[in-house]
Amino acid sequence: MNWSRSRSLQARQLLAASLGLVAFLALAGYALDRAFLDTAENNLRERLRSYAMAYAEKGEFARNGEFIPPYEPVDPRFDRPGSGLYAEVVLPNGHWDSNSAQGPALPRGTMLAPREERFEGPMPITKINGEPAEVYRYGWGLVWSAGGDARAEFPYTIYILEDTTALRRQLNVFRAALWGYLGGAGLVLLLLQMLILRWSLRPLRRVIEELKKVQRGQATRMSERHPRELEPLTESINAFIESERQNLERQRNTLADLAHSLKTPLAVLRTRLDSHAPEQELREELDIQLRRMNDMVSYQLARAAKSGHTLFAAPVKIEPYAEEIVRGLEKVYARKGVLCEFDIDTNAPFHGEPGDLQELLGNLLENAFKWARSRVLLTVKPGETAPNRRPGLLIAVDDDGPGIPAEKIALILQRGVRGDERVQGHGIGLAIVQDIVRSYRGTLDVGPSEEMGGARFEVRLPPGL
């Protein structure tokens, strides 16, 4: 089993947040460490520069060009051999070292150009006791002149060196405090993240608990008290549950209707068999009843197929189906010469079963052709809209016929009832339309047509999931 798939969503988020937090704290710690080191090195450079300036201001040169250090030492450590703070003056014909430089093996400096400054380090050295160490070195190039006589000017360079012991000690103290605080802050933030994740995932856990109740039969649907982000999920689950419940009920009803319909043919066959009728008569009766049962089965299956629709169906273009239906109706009603006009928005597809669309358009258009004098209008437009849902759909069929009285509207929508007994038909077409519209949770409105003067059948399907 794939380990990444077996982890819970909370574990995934906690792992991702923890990795991000650790990476952030590591980068922050590194940046702070570098900033402290740069600041410490800058402070060290300025301190070494101040020592060099003190030697330049208080030191003197003898007539033979030898350097005479200040009478009072710039820092007592310059007089202690191996103290860790060293001074060197590089002359054109030699150099001068402080007492502290006696013993350690220090790197020799070179002559720098006048006013040139150089800060280097860390550089390796060897202490008096032979142990390796490191120093930072600051060099400053200067020119000495005797009494303004340009002929007595000569360059020299002052070097101040200091070992890294004090700097490393400061850096170690800072790093211990830094990573200690960052580690403590990281633990607190990780704990806080766990609490936040548990709080933020609580709605998902509630959804899971409700799903388990639905599975165990303790609840019939999901509740509506969920965050906005989870509403499409819970609504889709409720729609699926409702669709499955309707499908199960429809299947039960279909089986019950089919069983009831088959009882009579089976009873007839049993009666004929018990009556010991001639073989030829039995064959004829068997053929009649078998055809009857076959018609009943086909009818019940067709009715079951028309009663439902597939959830989350792909969009179906309406115009090709409408054109095919209209071409057939124009042949049937050729004597009337009815003209059918389309006002179809191509951005308004039908989301459902193509068979439902054919039944819907076929029955509405056939009814309009039957009653129209010369014109029929099919209108298809986008319907109502809702956030995070696909738009609804409006399908309207108008005709210029005699119209339908208001008191007969409810009557013609009943199964088996015709608006006019003199007109041929079975009176089930509009009932089928109403059943299909109900299965899509839509509405069917019947009334007068303001544009054409006859009847108007208007189907409105709600926004889909």
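Predicted model, so just to flag it, every value in this text is computed and none were measured. (Residues numbered from 1 in each chain as written. Predicted model: local features only at pLDDT ≥ 70, side-chain atom pairs only at ≥ 80, totals over all residues. Heavy atoms only, no water.)

**Some thoughts on the overall build of the chain**
Applicable threshold: Put simply, DSSP H or I for four residues or longer makes a helix, DSSP E for two residues or longer makes a strand, and each gets a number counted from the N terminus. Think of it in three bands: with a 1.4 Å probe and only protein chains considered, a residue is buried below 20% of the maximum accessible area for its type, exposed above 50%, and partly exposed in between. Working rule for contacts: check all heavy atoms of both residues, and any pair within 4.5 Å makes them a contact. Per-residue and other accessible areas follow the Shrake-Rupley method at a 1.4 Å probe size, with only the shown protein chains counted as cover for residues.
The helix and strand inventory of the chain stands at ten helices and 14 strands. Here the chain holds 465 residues, and 35% of them are scored as buried. For the chain, contacts bridging at least 24 residues in sequence account for 61% of all contacts bridging at least 6. For the chain, the exposed area adds up to about 28,200 Å²; of that, 54% sits on carbon and sulfur atoms.

**Side note on the packing of helix α7 (residues 319-332) against helix α8 (residues 354-371)**
The geometry of a pair of packed helices is captured by two quantities: the angle between their axes and the separation between those axes. Defined as follows: Only the contacting stretch of a helix is used when fitting its axis, a line to C-alpha atoms as for every element, and angles between N-to-C directions run 0 to 180 degrees. An angle below 35 degrees is treated as roughly parallel, one above 145 as roughly antiparallel, one from 65 to 115 as roughly perpendicular, and anything else as oblique. Crossing chirality is assigned from the near helix's rotation relative to the far helix, an anticlockwise turn below a right angle marking it left-handed and a clockwise turn marking it right-handed. Each residue is assigned to one of three groups, with Ala, Val, Leu, Ile, Met, Phe, Trp, Tyr, Cys and Pro labelled nonpolar, Asp, Glu, Lys and Arg labelled charged, and all others, Gly among them, labelled polar.
Taken N-terminus to C-terminus, the directions of α7 and α8 make an angle of 40 degrees; their axes are 10 Å apart at the nearest point. Classed by the angle they form, the pair α7 and α8 counts as oblique. Where α7 crosses over α8, the handedness of that crossing is right-handed. Counting all contacts with α7, which are made through Tyr321, Ala322, Ile325, Val326, Leu329 and Glu330, the residues of α8 involved are Pro354, Leu357, Gln358, Leu361, Gly362, Leu365, Glu366 and Phe369. Residue composition of the contact of α7 with α8, by class: ten nonpolar, two polar and two charged.

**Details of the pattern of salt bridges**
Note the cut-off: Just to be clear on terms, a salt bridge is a Lys or Arg side-chain nitrogen sitting within 4 Å of an Asp or Glu carboxyl oxygen.
What the rule picks out here adds up to 17 salt bridges. In this structure, Arg45 and Glu117 form a salt bridge, with 3.7 Å as the shortest nitrogen-oxygen distance. Of this pair, Arg45 sits in helix α2 (residues 9-58) while Glu117 is found in strand β5 (residues 117-126), placing the two residues 72 residues apart along the sequence. Of the residues examined, Arg45 reaches a relative accessible area of 25% and is grouped as partly exposed. Residue Arg460 is joined to Glu458 by a salt bridge in which the shortest nitrogen-to-oxygen separation is 2.9 Å. Owing to a relative accessible area of 13%, Glu458 belongs among the buried residues under this scheme. Salt bridges sharing partners connect three or more residues here, namely Arg45, Glu46, Arg49 and Glu117.

**Here we look at a nonpolar patch on the surface**
Definition in use: Residues form patches when they are more than 30% accessible in relative terms and have no salt bridge. Like charges link within 9 Å. Nonpolar side chains (Val, Leu, Ile, Met, Phe, Trp, Tyr) link within 5 Å.
A contiguous nonpolar patch, built from Leu189, Leu191, Leu192, Met194, Leu195, Ile196 and Trp199 and spanning about 710 Å² of accessible area, is present on the exposed surface. With respect to the secondary-structure elements, Leu195 resides in helix α3 (residues 165-200). Its relative accessible area of 52% is what places Leu195 among the exposed residues.

**Description of the pairing of strand β12 (residues 393-399)**
To keep things clear, this is the line we draw: Only when DSSP finds a minimum of two bridges between them are two strands counted as paired.
Extensive coverage of β12 is indicated by the burial of seven of its seven residues. Burial of β12 is two-sided: the residues Leu393, Ile395, Val397 and Asp399 facing one way and the residues Leu394, Ala396 and Asp398 facing the other way are all buried. Sheet topology note: the β12/strand β14 (residues 455-461) ladder contains six bridges and is antiparallel. When the sheet's bridge partners are listed, Leu393 is paired in β14 with Leu461.

**What to know about the packing of α3 against helix α4 (residues 202-216)**
Where α3 contacts α4, the two axes come as close as 4 Å, and the packing angle between them is 40 degrees. The orientation of α3 with respect to α4, classified from their angle, is oblique. Note on element contacts: α4 touches α3 through Arg202, Pro203 and Arg205, opposite Arg198, Trp199 and Ser200. Among the residues making up the contact of α3 with α4, the classes are represented as two nonpolar, one polar and three charged.

**Looking at the packing of aromatic side chains**
So the rule is basically this: Only the six-membered ring of Trp is used, alongside the rings of Phe and Tyr, when aromatic pairs are assigned; centres must lie within 6.5 Å, and planes under 30 degrees apart are stacked while those over 60 apart are edge-to-face, with the rest tilted. To sit over a ring, a charge needs its Lys NZ or Arg CZ within 6 Å of the ring centre and within 35 degrees of the ring normal.
For the structure shown, the criterion picks out 13 aromatic pairs. Judged by centre distance (5.5 Å) and plane angle (90 degrees), the rings of Tyr51 and Phe78 are edge-to-face. In this pair, Tyr51 is assigned in helix α2 and Phe78 in the loop between β2 (67-68) and β3 (85-91), connecting sequence segments 27 residues apart. For the pair Tyr51 and Phe78, one class covers both residues: buried. Three or more aromatic residues joined by ring pairs form one cluster here, namely Tyr51, Tyr55, Phe61, Phe67, Phe78, Trp96, Trp144, Phe154 and Tyr156. Here the guanidinium or amino end of Arg49 rests over the ring plane of Trp140, the centre of that ring lying 5.5 Å away.

**A few points about the side chain of Asp398**
Short version of the rule: Pairing of N or O atoms within 3.5 Å defines a polar contact, subject to two protein rules: one partner must be a possible hydrogen donor and the other a possible acceptor, and residues neighboring in sequence count only if both atoms are side-chain atoms.
As for its position among the elements, Asp398 is in strand β12. Judged by its relative accessible area of 1%, Asp398 is buried. A polar side-chain atom of Asp398 sits 2.7 Å from a polar atom in the side chain of Ser449. Within the structure, the side chain of Asp398 is placed 2.8 Å from the side chain of Arg456, a separation counted as a polar contact. In this structure Asp398 touches Arg375, Val376, Leu377, Ser449, Met452, Ala455 and Arg456, once residues within four positions along its chain are discounted.

**Looking at the confidence of the model for the chain**
Convention followed: How sure the predictor is of each residue is captured by pLDDT, a score from 0 to 100.
Here the chain averages 81 in pLDDT, while 85% of its residues score no lower than 70. The element-level mean pLDDT for the chain is lowest in helix α1 (residues 3-6), coming to 47, with β12 highest at 94. Every residue in residues 1-6 is under pLDDT 50, and counting partners more than four places away or in other chains gives three contacts.

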